[in-house]
Amino acid sequence: VISDDDEKPELAWIIPELFAWNMVEWCLPHDINLDGVEFKSMASGSHRITNDFIYFRKGCYFGLACFANMPVESELERGARMKSVGILSPSYTLLYRYMHFLENQVRHQLQCPGQYSPLEAFYEDKKAVLPPTGNGLVTACPTWSVTNINRCMHPEMKITHPAGCMSQFIQFFGEHIMVLWKFALLRKRLLIFSPPPVGVVCYRVYCLCCLANVSLPGIGVSVPELRPFFYINIADITALETELSYVACTTEKIFEEKKELYDVYIDNQNVKTHRSYLQPLLRVNAADKEKYRKLTEQRQMLMYSQEVDGDCTSNEEDLFILFFMELNNRIFQTLSEVAGSADPTLTTEHVRAMGLDPQGDRSFLADLLEVYGIDITLVIDNLCCP
């Protein structure tokens, strides 16, 4: 039941909320292990909202679930019927194709409980076959086409989002997006807290992952991957204890107290860290302001070309990803050249050429050299940091 070359989802399920407990009401295939999905598919606090959608991880799979809440005249259901309908896939990049179907199905299940034929037909149409590994894990890319192999080796960082998602992300955090960029590039554990609805916060997880893209060969192979976990709850604590780098979101405030699970905590627009060595990175410096100005300027130019020239070949998502990828590439290209020179010393001129602040970004650069294992001496204003 793994996805085929179109990365089709492999299973579907329904999660009803019953009293204080969530339970799996129905699923295909019937023998799949869905332990914990009943809490991942319905965010804590969802009883306060009418609908939502949630991206999450289940082992080596990614899930998308649509939630809905309908008032009913039933004492057994405490005046409200709540369900989630979802799917799992080895990749989150194409799950969005099925969001409209899931939204329709969760409304259908609220109005006509127990009528599973549309879901059964969906599963029969989309299912594929797991490789005979015996453990149900995705161990290799499908081999039907070169295009598909390349996509698996270099997965596209795409997820569906409402029009202007990237714009909203930039406007929401403003120039502090440069603070988040540094933490993402350092492969820190980033946790976003927000009350429901959680769908838009899952988009922020995706946007944060986009900040750390590097396209130079050989860069980042020895550092932990910045893994998107999307929505998490207390059932994920054990899994998070062993993660070296991730981005996730939660609706459960208790996570703020569990400082051993994260490096950076993002509550609304408040970015904070309990790690003393990371606290200097919370300050927005002059170089950060200049980079944010350039990003804003490029966005304005794009919007102007779309409005005046009718340019439909470029979009804001591509601009956003490319801006940070080029920024990251420039930094690592400079560091690689300096490391390979006869005098591997990083000077103030090098730092400015990378678009960084010689003083304000000194601790960031020191951390970056350590995390990526780059052997360079950092010298700024006669202060030496090997």
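Residues numbered from 1 in each chain as written. Predicted model: local features only at pLDDT ≥ 70, side-chain atom pairs only at ≥ 80, totals over all residues. Heavy atoms only, no water.

Enquirer: Give me the lowdown on the pairing of strand β5 (residues 61–71), citing residues and values where you can.
Expert: In terms of burial, β5 is largely enclosed, as nine of its 11 residues are buried. Note: strand β4 (residues 51–58) against β5, eight bridges, orientation antiparallel. In the strand pairing of β5, Asn-51 is matched with Ala-68. What sits between β4 and β5 in their antiparallel hairpin is a turn of two residues, with Gly-59 showing a positive phi close to 65°. Relative to strand β6 (residues 80–89), β5 runs antiparallel, the two sharing 10 bridges. (Buried < 20%, exposed > 50% of the residue type's maximum accessible area, 1.4 Å probe, protein only. Helix = DSSP H or I, 4+ residues; strand = E, 2+ residues; numbered from the N terminus. Pairing = 2+ DSSP bridges.)

Enquirer: Explain the pattern of salt bridges residue by residue, including any values.
Expert: Enumeration over the complete set of coordinates arrives at 16 salt bridges. Three or more residues are tied together by salt bridges with common partners; here these are Lys-182, Asp-288, Lys-291 and Asp-361. (Salt bridge = Lys/Arg side-chain N within 4 Å of Asp/Glu carboxyl O.)

Enquirer: Give me the side chain of Thr-93: which residues, what numbers.
Expert: On the secondary structure map, Thr-93 appears in the loop between β6 and α2 (99–111). Accessibility expressed as a relative area gives 3% for Thr-93, which makes it buried. A distance of 2.9 Å separates polar atoms of two side chains, one belonging to Thr-93 and the other to Ser-91. (Polar contact = N/O pair within 3.5 Å; in protein donor to acceptor, adjacent residues only side chain to side chain.)

Enquirer: Which residues make up the environment of Leu-261, and what values go with them?
Expert: Position of Leu-261 relative to the elements: it lies in the loop between β9 (246–250) and β10 (264–267). You can call Leu-261 buried: its relative accessible area is 1%. Between the alpha carbons of Leu-261 and Arg-189 there is a distance of 7.7 Å; along the sequence they are 72 residues apart. Apart from the residues within four sequence positions on either side, Leu-261 is in contact with Arg-189, Ile-237, Leu-240, Glu-241, Tyr-246 and Phe-255. (Contact = heavy atoms within 4.5 Å.)

Enquirer: Mind laying out unusual backbone geometry, listing which residues take part and the relevant values?
Expert: The omega angle of the peptide bond from Leu-28 to Pro-29 is -10°, so this bond is cis rather than trans. Looking at the secondary structure, you find Pro-29 in the loop between β3 (26–28) and α1 (37–40). With a phi close to 60°, Arg-187 is a non-glycine residue in the positive phi region. For Arg-187, the location among the structural elements is in the loop between α6 (177–185) and β7 (189–193). The buried category is assigned to Arg-187, whose relative accessible area is 13%. A positive phi angle, close to 60°, is found at Asn-268, a residue other than glycine. Looking at the secondary structure, you find Asn-268 in the loop between β10 and β11 (270–272).

Enquirer: How would you summarise the nonpolar core if you had to cite specific residues and measurements?
Expert: In globular proteins that are soluble, nonpolar side chains generally tend to be buried together. In this structure, Trp-181, Phe-320, Phe-324 and Leu-335 are the most contacted members of the largest nonpolar core, which totals 95 residues. Among the elements that make up this core, the one with the highest residue count is helix α10 (residues 316–339) (10 residues). Residue contributions to this core reach at least three from each of two domains, namely domain 1 (11–126) and domain 2 (166–282). Contact partners of Trp-181, with chain neighbours within four places excluded, come to Leu-211, Lys-291, Phe-324, Leu-327, Asn-328, Ile-331, Leu-356 and Phe-364. Leu-191, Phe-193, Ile-232 and Tyr-246 belong to the second-largest nonpolar core, a separate cluster that totals 12 residues. (Core = buried A, V, L, I, M, F, W, Y, C linked by side-chain atoms within 4.5 Å. Domains from an automatic or database assignment.)

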